[in-house]
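Here is what each chain is made of, one letter per residue.
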Amino acid sequence: MSVWSSTVQRGKDGALSVGGADVCELAGTYGTPLYVVDEADFRARAAAFRDHFGAAFERHGAEVDVYYAGKALLTSQVSAWMHEEGLHLDVASLGELEIALRGGMPAARIGLHGNNKADDELRRALIAGVGRIIVDSFTEIEILDALARELGVVAPVMVRVTTGVHAGGHEYIATAHEDQKFGLSLASGAAMRGLVACYEAPHLRLLGIHTHIGSQIMSIEAFRESAERMLGLRAAFTASTGAELAEVDLGGGYAIQYTDDAEALDPADAAYAIADAVAAVVESVGGTWPRLSIEPGRAIAGPAGLTLYRVGVVKSVELDDGGRRAYVAVDGGMSDNMRPVTYGAHYTAAIASRESTAEAVASRVVGKHCESGDIVVRDVALPQDVARGDLLAVPATGAYGRSMASNYNAALRPAVVAVRDGQSRLLVRRDTIEDLLALDVAPD
């Protein structure tokens, strides 16, 4: 399995191409840094989750919905792609909701997440008619019931459950342990109390339960255990109330490959393992099959994207052990990829504008910001002749690059361009100085 998206090739001139588009031409047209999205690869990954999970659950006579997690990368055109590929869409803010709707995603196929949703976010979701709102607290249950009454509607809700299954990478992206902000605890009984509160609220329609155990997960066993606990809760709710929850969302967080020596979680392996685990629990506890849903955001967007940078300064630094490291500074950094400084995330890189036969040396790709932690790729072997003006490509940056980008040091956030069949088109334009100044209130 390659860390690069499926259409990346190196041409006879040594330059990389993506989706049939030469990266040198892309950089010349759109500038650098530049987020490049391989549209065919993006769509194919979405279709793989749709088809593998659909087939795995169909064997048991069950249905499953795939929700693309908009927080990974969301533009109106991405929303349109996901609708065309038959996926649903998760959003976590008013802005994401509006972008999803602008792209033509039907409101009924949208779910709204968030641990502290504002009243205006909930009100807009109700007016738009989103398919589900994932409630995260008793406070939200009360507020949402009141808003639905005010608007004369019934709010479709799922309760987010903290299952206690710990999985994923950095502690900041492991989301099912007890000591964190998301969800209602299964172990403490809060999840059951939340379900009963929603069931009894006159202006809420309880659809089911939702969980998310983390991100960058390689362990299929973690998904199995989470499914068992969720379906156990579903059975307990039926035993207590006589009502059956129609839907169960098992979340996502499927690991992707960021470096050549890393692994990814195969969608087919995950699909059949999770389907079999659910089947075993349904058989043991009885009852009907729920409608299942999953949320592979990063696993669709991440591998389908790369970031192009222009090399500036290159320094050779002597290390304490007597070795040397090349510091390769590029024209972006932590403002366009926050993951290394936030999570210690690891990436790789390659010269994209030419091929080199020079000896590879220990290198570190760094940004241009006023932080020593402004590192794009901590450890990578690059040709020792890498020089000012070269294009550098960092793969697997389709998720959380643009969506977490900032204007730190008043940097201009890069454009996002989609490529397919040799053609390119903007998804998001580059920031301009005029954009920055339009928000700044000048002195009188």
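All of these numbers come straight from a predicted model, not from anything done at the bench.

## Notes on the overall build of the protein chain
Then, number 1: Secondary structure summary: the protein chain contains twelve helices and 21 strands in total.
Then, number 2: The C-alpha atoms of the protein chain give 23 Å as radius of gyration, which agrees with the globular expectation for 444 residues (22 Å, within 12%).
Then, number 3: Referenced to the eigenvectors of the C-alpha coordinate spread, the extents of the protein chain come out at roughly 70 × 60 × 45 Å.
Then, number 4: A separation threshold of at least 6 residues defines the contact pool for the protein chain, and within that pool the share at least 24 residues apart is 69%.
Then, number 5: Of the accessible surface of the protein chain, which amounts to about 18,500 Å², a share of 49% is contributed by carbon and sulfur atoms.
Then, number 6: Here the protein chain holds 39 positive side-chain charges and 59 negative ones, and the gap between their average locations is 3 Å.

## A word on the sheet that holds strand β2 (residues 16–18)
Then, number 1: With respect to topology, three strands assemble into an open sheet ordered β1-β2-β3, the strand pairing being antiparallel. Looking at strand neighbours, the two that pair on one side only are β1 (9–10) and β3 (21–22), the edges of this open sheet.

## A few points about the confidence of the model for the protein chain
Then, number 1: For the protein chain, mean pLDDT is 93; residues scoring 70 or higher make up 96% of the total.
Then, number 2: Within the model, pLDDT remains below 50 along residues 168–176, and this stretch shows 31 contacts once partners closer than five positions in the same chain are excluded.

## Examining unusual backbone geometry
Then, number 1: Along the chain, T32 connects to P33 via a cis peptide bond; the corresponding omega equals -10°.
Then, number 2: For P33, the position within the fold is in the loop between α1 (23–30) and β4 (34–38).
Then, number 3: The phi dihedral of N409 is positive, around 60°, even though this residue is not glycine.
Then, number 4: Within the element layout of this structure, N409 appears in the loop between β19 (391–395) and β20 (415–420).
Then, number 5: Taking relative accessible area as the criterion, N409 reaches 42% and is therefore assigned partly exposed.
Then, number 6: The backbone of D421 shows a phi angle near 50°, a positive value even though the residue is not glycine.
Then, number 7: Counting through the fold element by element, D421 comes out in the loop between β20 and β21 (423–428).
Then, number 8: A relative accessible area of 70% places D421 in the exposed class.

## Some details on the nonpolar core
Then, number 1: Ranked by size, the top nonpolar core spans 126 residues in total, and within it F42, F53, Y68 and Y254 carry the most contacts.
Then, number 2: Excluding residues that lie within four positions of it along the chain, F53 makes contacts with A48, V64, Y254, P267, A270, A271, I274 and I294.

## Description of the packing of aromatic side chains
Then, number 1: Inspection of every chain in the model, using the stated rule, returns ten aromatic pairs.
Then, number 2: Taking the centre distance of 6.1 Å and the plane angle of 20° together, the rings of F49 and F53 count as stacked. Separated by four residues within a single helix, F49 and F53 lie in helix α2 (residues 39–58), roughly one turn from each other. Across the pair, exposure class does not vary: F49 and F53 are buried alike.
Then, number 3: Relative to Y347, the ring of Y258 lies with its centre 5.1 Å away and its plane at 75°, an arrangement referred to as edge-to-face. Of this pair, Y258 sits in the loop between β12 (247–252) and α9 (267–285) while Y347 sits in the loop between α11 (339–343) and β16 (350–351), and the two are 89 residues apart along the sequence.

## Structural notes on the packing of helix α7 (residues 190–200) against helix α8 (residues 220–241)
Then, number 1: Following both chains from N to C, one finds α7 and α8 inclined at 50°, their axes separated by 11 Å at the closest point. As summarised for this structure, α7 and α8 are arranged oblique, according to the angle between their axes. The handedness of the crossing between α7 and α8 comes out as right-handed. Every residue of α8 that contacts α7 at A191, M192, L195, V196 and Y199 is listed here: L233, A236, F237 and T241.
Then, number 2: Class assignment of the residues belonging to the contact of α7 with α8 gives a composition of eight nonpolar, one polar and no charged.

## Some points on the pattern of salt bridges
Then, number 1: This model, assessed by the stated rule, comprises 28 salt bridges.
Then, number 2: Several salt bridges converge on common partners, so that one network encompasses E39, R43, R50, D51, E84, E85, R420, D421 and R425.

## Remarks on the pairing of strand β8 (residues 132–135)
Remember that side chains alternate between the two faces of the sheet whenever the strand is regular.
Then, number 1: Of the two faces of β8, both are covered, the one formed by R132 and I134 as well as the one formed by I133 and V135.
Then, number 2: Relative to β8, strand β7 (residues 110–112) runs parallel, the two being bridged by two bridges. Residue pairing for β8: G111 is matched across the bridge by R132.
Then, number 3: Crossover connection from β7 via helix α5 (residues 119–128) to parallel β8: handedness right-handed.
Then, number 4: Here three bridges tie β8 to strand β9 (residues 155–162), and the two strands are oriented parallel to one another. Bridging across to β9, I134 finds its partner in M158.
Then, number 5: This β-α-β element, β8 to helix α6 (residues 138–151) to β9, shows right-handed connectivity.

## Some points on the environment of N407
Then, number 1: Considering the arrangement of structural elements, one finds N407 in the loop between β19 and β20.
Then, number 2: Residue N407 is classed as partly exposed on the basis of its relative accessible area, which comes to 30%.
Then, number 3: Placed 72 residues apart in sequence, N407 and S335 show a C-alpha to C-alpha distance of 6.3 Å.
Then, number 4: Ignoring sequence-local partners within four residues, the contact set of N407 consists of L412, R413, D431 and L436.
Then, number 5: There is a polar contact of 3.0 Å between the side chain of N407 and the side chain of D431.

Criteria and thresholds
- Residues numbered from 1 in each chain as written.
- Predicted model: local features only at pLDDT ≥ 70, side-chain atom pairs only at ≥ 80, totals over all residues.
- Heavy atoms only, no water.
- Helix = DSSP H or I, 4+ residues; strand = E, 2+ residues; numbered from the N terminus.
- Rg over C-alpha atoms; globule rule 2.2 N^0.38 Å.
- Contact = heavy atoms within 4.5 Å.
- Areas by Shrake-Rupley, 256 points an atom, 1.4 Å probe, with all protein chains shown as cover.
- Lys, Arg positive; Asp, Glu negative; His and termini not counted.
- Charge placed at Lys NZ, Arg CZ, Asp CG, Glu CD.
- Pairing = 2+ DSSP bridges.
- pLDDT = per-residue confidence, 0-100.
- Buried < 20%, exposed > 50% of the residue type's maximum accessible area, 1.4 Å probe, protein only.
- Core = buried A, V, L, I, M, F, W, Y, C linked by side-chain atoms within 4.5 Å.
- Phe/Tyr/Trp six-rings, centres within 6.5 Å; stacked < 30°, edge-to-face > 60°.
- Axes fitted to C-alpha atoms, helices over the stretch in contact; angles between N-to-C directions.
- Parallel < 35°, antiparallel > 145°, perpendicular 65-115°, else oblique.
- Left-handed = near helix turned anticlockwise from the far one by under 90°.
- Nonpolar A, V, L, I, M, F, W, Y, C, P; charged D, E, K, R; others polar.
- Salt bridge = Lys/Arg side-chain N within 4 Å of Asp/Glu carboxyl O.
- Right-handed = clockwise from strand over helix to strand, strands pointing away.
- Polar contact = N/O pair within 3.5 Å; in protein donor to acceptor, adjacent residues only side chain to side chain.

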